[in-house]
Amino acid sequence: MKPSVSAGPPSGLLLVLVCCPLLGFVQSASSNRSGDNGHPHLGETDPERCMRHHFVETITHPIYKCNSKMVLLARCEGHCSHTTRSDPLISFSSVLKQPFKSSCSCCRPHTSKLKAVRLRCAGGTRITATYRYILACNCEECS
């Protein structure tokens, strides 16, 4: 029997039902096409998947006496594929400095934007602190 594909909610979630008459059960495999990078076990329902987490940080200048400001920041945190791979490299040299090419995926920022905060300092001067605000996270090749 062929798998039946049912379009789910407009969030990009795809639900595939596979019927197994010999085993007498229906298996459901869902995957989020935009966020799990082809890893069905890391779909939207996994609370520990790679995703953006918000936190508040207080920005203060390390030298000058300035008023501090609290800002909302984001970090990428969570699990990607547990599969890692090490492939042997082919060389035409008698010495192999790096005999294997390893690959794994890490939870990293995919898109971010530059933000700035102005701190008011003693004497009326203002100092600008800049940082990257993470908009989206993805499982990407580790380097």
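Everything that follows concerns the structure shown earlier in this document.
Residues numbered from 1 in each chain as written. Predicted model: local features only at pLDDT ≥ 70, side-chain atom pairs only at ≥ 80, totals over all residues. Heavy atoms only, no water.

Asks: What should I look at first to understand the state of the cysteines in this one?
Replies: Two cysteines, two sulfur atoms, one covalent bond between them: this is a disulfide. All chains considered together, the criterion is met by 5 disulfides. Covalent S-S linkage joins Cys 66 and Cys 121, the inter-sulfur distance amounting to 1.9 Å. When the S-S torsion is 85 degrees, as for the bridge of Cys 66 with Cys 121, the disulfide is right-handed. On the criterion of sequence distance, the pair formed by Cys 66 in the loop between strand E4 (51–59) and strand E5 (69–77) and Cys 121 in the loop between strand E8 (105–120) and strand E9 (126–141) is long-range, its members being 55 residues apart. Exposure class is identical for Cys 66 and Cys 121. Each is buried. Note on cysteine connectivity: Cys 80 is disulfide-linked to Cys 139, with sulfurs 2.2 Å apart. (Disulfide = S-S within 2.5 Å. Helix = DSSP H or I, 4+ residues; strand = E, 2+ residues; numbered from the N terminus. Buried < 20%, exposed > 50% of the residue type's maximum accessible area, 1.4 Å probe, protein only.)

Asks: Even after reading the chapter, I still don't get the nonpolar core, so can you show me in this structure?
Replies: Generally speaking, soluble globular proteins have nonpolar side chains that are buried together. Within the largest apolar cluster, 18 residues are counted, with the highest numbers of intra-cluster contacts made by Cys 50, Ile 59, Val 71, Cys 107, Val 117, Tyr 131 and Cys 137. Every element with two or more residues in this core is listed here: E4, E5, E8 and E9. In terms of residue count, E9 provides more of this core than any other element does, 5 residues in total. When sequence neighbours within four positions are dropped, the list of residues in contact with Val 117 reads Ile 59, Lys 69, Val 71, Ile 127, Thr 128, Ala 129 and Tyr 131. (Core = buried A, V, L, I, M, F, W, Y, C linked by side-chain atoms within 4.5 Å. Contact = heavy atoms within 4.5 Å.)

Asks: Which parts of the structure should I look at to understand the packing of aromatic side chains?
Replies: On inspection of all chains with the given rule, the structure shows 0 aromatic pairs. Positioned above the aromatic ring of Phe 55 is the side chain of Arg 75, whose terminal nitrogen or guanidinium carbon lies 4.0 Å from the ring centre. In this arrangement the basic side chain of Lys 115 is found over the ring face of Tyr 133, its NZ or CZ atom lying 4.8 Å from the centre. (Phe/Tyr/Trp six-rings, centres within 6.5 Å; stacked < 30°, edge-to-face > 60°. Lys NZ or Arg CZ within 6 Å of the ring centre and 35° of its normal.)

Read these as layout, nothing more, since geometry by itself doesn't imply function.
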